[in-house]
Amino acid sequence: MKKRIFFIFAAIAVVLGLPSCSDDGLPADAVVQYPIKTLIVTVDGRDYTAVPKGLRNDTLAFNVPEGRETATVRTIILADSRATATVADGQEITFVEDAYPIILNQNRADEHKYILSMVYKKPDPVPDFLYVVNSGIKDPDGAASWLDPDNLDSYPKLMPVGEGGKYEGYAALGDYDWMNLSFVKSNRELYYNNPTDGLSGTYGTVPLTENAYDGDDNLFPSAGIWANWAAGSGVWLFRVDAAAGELTALCTQWAVSGTATSGAPQAMTYDKGANRWTATVSLDAGAFGFTTVPVNAGDPTIAYGGSGGMLTEDGPQIAVAEAGNYTVTLDLSAAPDYTYSLLKEGEEPEPDPLPFMYIVNLGISGPDGKAYLDPANRDDRDKYPVIASADDGATFEGYAYLKPYDWMNVSIVESGLKKYYSNDSEGLNGTTSYGHFTLAEKTPSAANYFPTDGLWGPWALGSGVWKFSYDTAAKQLTLLCTQWAVSGSAVTGVQAMTYDAAGRTWTLSAMLAQGGFRFTTVPCTEGDPVLTYGQGGKAGELVADGPEIEVAEAGDYTITLDLSTPHAYVYSVVK
């Protein structure tokens, strides 16, 4: 074990230390050593060797199966025998947030702090939301208000909106023989209910009581919210303010209204199976929005507008360019990301976009930390590249230019932002430009933040254009750093292309002979696999391992390779 540790330290010294540590005052055979030569700690009766993250990194880390607050220093040896440290053999140390400071004193005027870091896999945080649990849902013994742990996805959910413990969502409540409701925190440690039959109509605000749950029966009883249970059937908007202890409930019926409907609301129909509202209506050129139709006098009106398929409350009216018969769809199933669609009679619906995932870099900071997916700029593909699936989510792929941030670890984030996948080990070290990694499924602990500790050891190594390939069943990510070139019968040798980060394309200006060519990668490191693209089914389209792209006439050409859109790789050839 000691030989292995010495080899690692020596390798770090040779690779990282010598080129930048030349000094005329050093002997010719000088070897740069880490100031803490050996540090072994004992946790739960097992010894672990702490390893520095680099010669100029002040952190030493060791991996344990589970986190602990304390450890015992078994052995500490300093490179300079004259130096002293604030820990000694046999000393018990206490970690704060998995870190313990060690001060080295090489002389009275030269103190330096090092951090001993305990590394372990932390449990995935539970996303914050509320389950809507109906008293009409009963466990196998007939007990009411059951949250079935094997069928959690069947329960409506209220999602966080804004700050301060506020939640919102729409729930279709069926015709149960009992309709009281509880709102259960996603971690199932707390739940909220109404202790009285406070709501007699289709709109109102009632108090909520916070309750601790410490049982194991998954029952969350409530005495409210309705005086008349039958009044509970329908599609309801629920808004919970946990801090204020209040629930606002509104039974909803939706319509299409605006200048495109001549001002007359056109009623929509709820499709329970699809969990959305639809209407087939005649629309004039103009605009419309979605609005609730009060079920009873005094019910407030909710209105949504927007563009590009996305909706916001009281948003702008949706433009209708041409009169005709349209099918309008309103989808309120995924709070707060409400959506709509508009399809004119006789037109084919646009194909559903490919399932995709964001690549979020730890170097992108937000107001509260790193690995931030800015909701206002998530369509910025320079900042947030994506990988997409052409096989219904079985596999994803895409090319991403990763900018040289000050921190280069990345997470793969589902488009709905509810789950993400990451590797917490520094798997790509040294000059490695190709590798496979098993990713862990995680849930964000805070909205729009997706932290990770992997994939690169030296962070600067992550910059460049990488191909990401992800197998969802195996949860395996394959990474390959790419440099592209042109080769074939129309090309002399292999001619390297240049990457344009602004245009997200590769280009080459070259003399081509009559013949053909393909696009091919040039291995960044010996042993890297080689990728090729050739002529696809149509001019300008590419397919993996396809035939040569024809060059009919010799001449000077500019060739462009565009891999910026997953599964829609294209090229151009301009003489």
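These numbers were taken from a predicted model, which means no experiment stands behind them.

Asker: Can you help me understand the overall build of the chain in this one?
Answerer: The number of helices and strands found in the chain is one helix and 47 strands. Counting across all 575 residues of the chain, residues that qualify as buried make up 43%. Carbon together with sulfur atoms contributes 51% to the accessible area of the chain, which is approximately 28900 Å² in total.

Asker: How should I be thinking about the sheet that holds strand 14 (residues 190-193) in this particular structure?
Answerer: For sheets, the rule is that strands pair by backbone hydrogen bonds, running either parallel or antiparallel. Read from one edge to the other, the open sheet built from nine strands follows the order 15-18-17-12-11-10-13-14-16, with strand pairing classed as antiparallel. In this open sheet, the two edge strands, each paired with only one partner strand, are strand 15 (203-207) and strand 16 (209-212). Looking at each pair of strands side by side, their axes are set apart by 25 degrees on average, direction ignored. Sheet analysis places strand 15 next to strand 18 (residues 246-252), joined by five bridges and oriented antiparallel. Within strand 18, the position partnered with Val 206 by the bridge is Leu 247.

Asker: Would you explain empty space enclosed by the protein in this entry?
Answerer: The probe, sized like a water molecule, is rolled over the atoms to show the empty space still left. Evaluated as defined, the whole model comprises three cavities of 30 Å³ or more. Forming the walls of the largest cavity are 14 residues, and the residues nearest its centre are Tyr 399, Ala 400, Tyr 401, Tyr 499 and Arg 504. Looking at the lining of the largest cavity, the element that brings in the most residues is strand 31 (residues 395-402), giving three residues. Looking at side-chain class alone, the lining of the largest cavity contains nine nonpolar, one polar and four charged residues.

Asker: Would you mind showing me how to read the nonpolar core here?
Answerer: Soluble globular proteins tend to pack their nonpolar side chains together in the buried interior. Ranked by internal contacts, the top residues of the largest apolar core, which has 37 residues, are Trp 254, Met 268, Phe 288, Phe 290, Tyr 304 and Val 328. Secondary structure elements with two or more residues in this core: strand 10 (130-134), strand 17 (234-241), strand 19 (254-257), strand 22 (276-283), strand 23 (286-292), strand 26 (318-320) and strand 27 (324-331). Top contributing element to this core by residue count: strand 22, with four residues. Listed in part, the 25 residues of the second largest apolar core include Leu 542, Ile 559, Leu 563 and Tyr 569.

Asker: Sorry if this is basic, but what is going on with the packing of aromatic side chains here?
Answerer: Centre-to-centre distance and the angle between the planes together describe a pair of aromatic rings. Taken as a whole and judged by the stated rule, the model has 28 aromatic pairs. Ring centres of Tyr 421 and Tyr 470 lie 5.6 Å apart, and the angle between their planes is 45 degrees; this geometry places the pair in the tilted category. Within this pair, whereas Tyr 421 is found in strand 33 (residues 420-422), its partner Tyr 470 is found in strand 36 (residues 464-471), the two being separated by 49 residues in sequence. As far as the burial class goes, Tyr 421 and Tyr 470 line up, both buried. Put simply, the rings of Tyr 48, Phe 62, Phe 95 and Tyr 100 touch in pairs and so form one group of aromatic residues.

Asker: Is there a simple way to think about the environment of Gly 309 in this case?
Answerer: Mapping Gly 309 onto the fold places it in the loop between strand 24 (303-307) and strand 25 (310-313). With a relative accessible area of 16%, Gly 309 lands in the buried category. C-alpha of Gly 309 to C-alpha of Leu 330: the two residues are 21 residues apart in sequence and 9.6 Å apart in space.

Asker: I keep staring at the side chain of Ser 433 and nothing clicks. Help me out?
Answerer: Structurally, the position occupied by Ser 433 is in the loop between strand 33 and strand 34 (434-438). At 2.5 Å, the side chain of Ser 433 and the side chain of Asp 528 are in polar contact. Here Ser 433 is in contact with Trp 466, Leu 479, Leu 480, Cys 481, Cys 524, Thr 525 and Asp 528, once residues within four sequence places are set aside.

Asker: How should the confidence of the model for the chain be read in this particular structure?
Answerer: Interpretation of this model should avoid reading the predicted coordinates in detail wherever pLDDT is low. Per-residue pLDDT for the chain averages 84, and the proportion of residues at 70 or more is 86%. Within the chain, the lowest mean pLDDT, 32, falls on helix 1 (residues 2-17), and the highest, 97, falls on strand 42 (residues 515-521). Every residue in residues 1-32 is under pLDDT 50, and counting partners more than four places away or in other chains gives 24 contacts.

Asker: So what exactly am I meant to see when it comes to unusual backbone geometry here?
Answerer: As a rule of thumb, non-glycine residues mostly have phi less than zero, and peptide bonds are mostly trans rather than cis. Looking along the chain, the bond that leaves Ala 335 and enters Pro 336 is cis, with omega of -5 degrees. Within the secondary structure, Pro 336 is located in the loop between strand 27 and strand 28 (339-344). One non-glycine residue, Asp 392, adopts positive backbone phi at about 60 degrees. Structurally, Asp 392 can be placed in the loop between strand 30 (386-388) and strand 31. Even without being glycine, Asp 545 reaches a positive phi, approximately 60 degrees. Structurally, Asp 545 is set in the loop between strand 44 (542-544) and strand 45 (549-551). Here Asp 545 falls in the exposed class, since its relative accessible area comes to 62%.

Asker: Mind showing me how you'd approach the pattern of salt bridges here?
Answerer: Any two side chains of opposite charge can pair if their charged atoms end up close together. On inspection of all chains with the given rule, the structure shows 14 salt bridges. Arg 239 is the salt-bridge partner of Glu 168, the closest N and O atoms lying 3.0 Å from each other. Remark: Arg 239 occurs in strand 17 and Glu 168 occurs in strand 12 (residues 166-173); sequence separation between them is 71 residues. Accessibility expressed as a relative area gives 9% for Glu 168, which makes it buried. On the basis of relative accessibility, which here comes to 25%, the residue Arg 239 falls in the partly exposed class. Look at the salt bridges and you will find they share partners, linking Asp 44, Glu 66 and Arg 68 into a network.

Asker: Just checking my understanding: could you explain the sheet that holds strand 7 (residues 92-94) for this structure?
Answerer: Taken in spatial order, the four strands of this open sheet run 2-1-5-7, and their pairing is antiparallel. Both outer strands of the open sheet, strand 2 (46-49) and strand 7, are each paired with one neighbouring strand and no more. The mean angle between the axes of side-by-side strands here comes to 40 degrees, regardless of whether they run parallel or antiparallel. Two strands pair when backbone bridges link them, and strand 1 (residues 36-43) and strand 2 are joined in this way by four bridges, in the antiparallel orientation. Each residue of the ladder has a partner; that of Thr 42, found in strand 2, is Asp 47.

Asker: I keep staring at the pairing of strand 46 (residues 555-562) and nothing clicks. Help me out?
Answerer: Successive side chains on a regular strand alternate, one facing one side of the sheet and the next facing the other. The sheet contact formed by strand 41 (residues 505-512) and strand 46 spans seven bridges and is antiparallel. When the sheet's bridge partners are listed, Trp 506 is paired in strand 46 with Leu 561. Note that strand 46 and strand 47 (residues 570-574) share five bridges and pair antiparallel. Across the sheet, the residue bridging to Thr 558 is Val 574, located in strand 47.

Asker: What should I look at first to understand the side chain of Asp 139 in this one?
Answerer: Within the secondary structure, Asp 139 is located in the loop between strand 10 and strand 11 (157-160). At 9.1 Å, Lys 138 is the nearest oppositely charged side chain to Asp 139, a buried residue that forms no salt bridge. Reaching out from Asp 139, the side chain makes a polar contact with the backbone nitrogen of Asp 141 at a distance of 2.9 Å. Among all residues touching Asp 139, those that are not within four sequence positions of it are Trp 146 and Leu 219.

Rules and cut-offs
- Residues numbered from 1 in each chain as written.
- Predicted model: local features only at pLDDT ≥ 70, side-chain atom pairs only at ≥ 80, totals over all residues.
- Heavy atoms only, no water.
- Helix = DSSP H or I, 4+ residues; strand = E, 2+ residues; numbered from the N terminus.
- Buried < 20%, exposed > 50% of the residue type's maximum accessible area, 1.4 Å probe, protein only.
- Areas by Shrake-Rupley, 256 points an atom, 1.4 Å probe, with all protein chains shown as cover.
- Pairing = 2+ DSSP bridges.
- Axes fitted to C-alpha atoms, helices over the stretch in contact; angles between N-to-C directions.
- 1 Å grid on protein atoms, 1.4 Å probe; cavity = no way out; pocket = protein on both sides within 12 Å on 5 of 7 lines; lining within 4 Å.
- Points joined across faces, edges and corners; volume = space filled by probe spheres on them.
- Nonpolar A, V, L, I, M, F, W, Y, C, P; charged D, E, K, R; others polar.
- Core = buried A, V, L, I, M, F, W, Y, C linked by side-chain atoms within 4.5 Å.
- Phe/Tyr/Trp six-rings, centres within 6.5 Å; stacked < 30°, edge-to-face > 60°.
- Polar contact = N/O pair within 3.5 Å; in protein donor to acceptor, adjacent residues only side chain to side chain.
- Contact = heavy atoms within 4.5 Å.
- pLDDT = per-residue confidence, 0-100.
- Salt bridge = Lys/Arg side-chain N within 4 Å of Asp/Glu carboxyl O.
- Lys, Arg positive; Asp, Glu negative; His and termini not counted.

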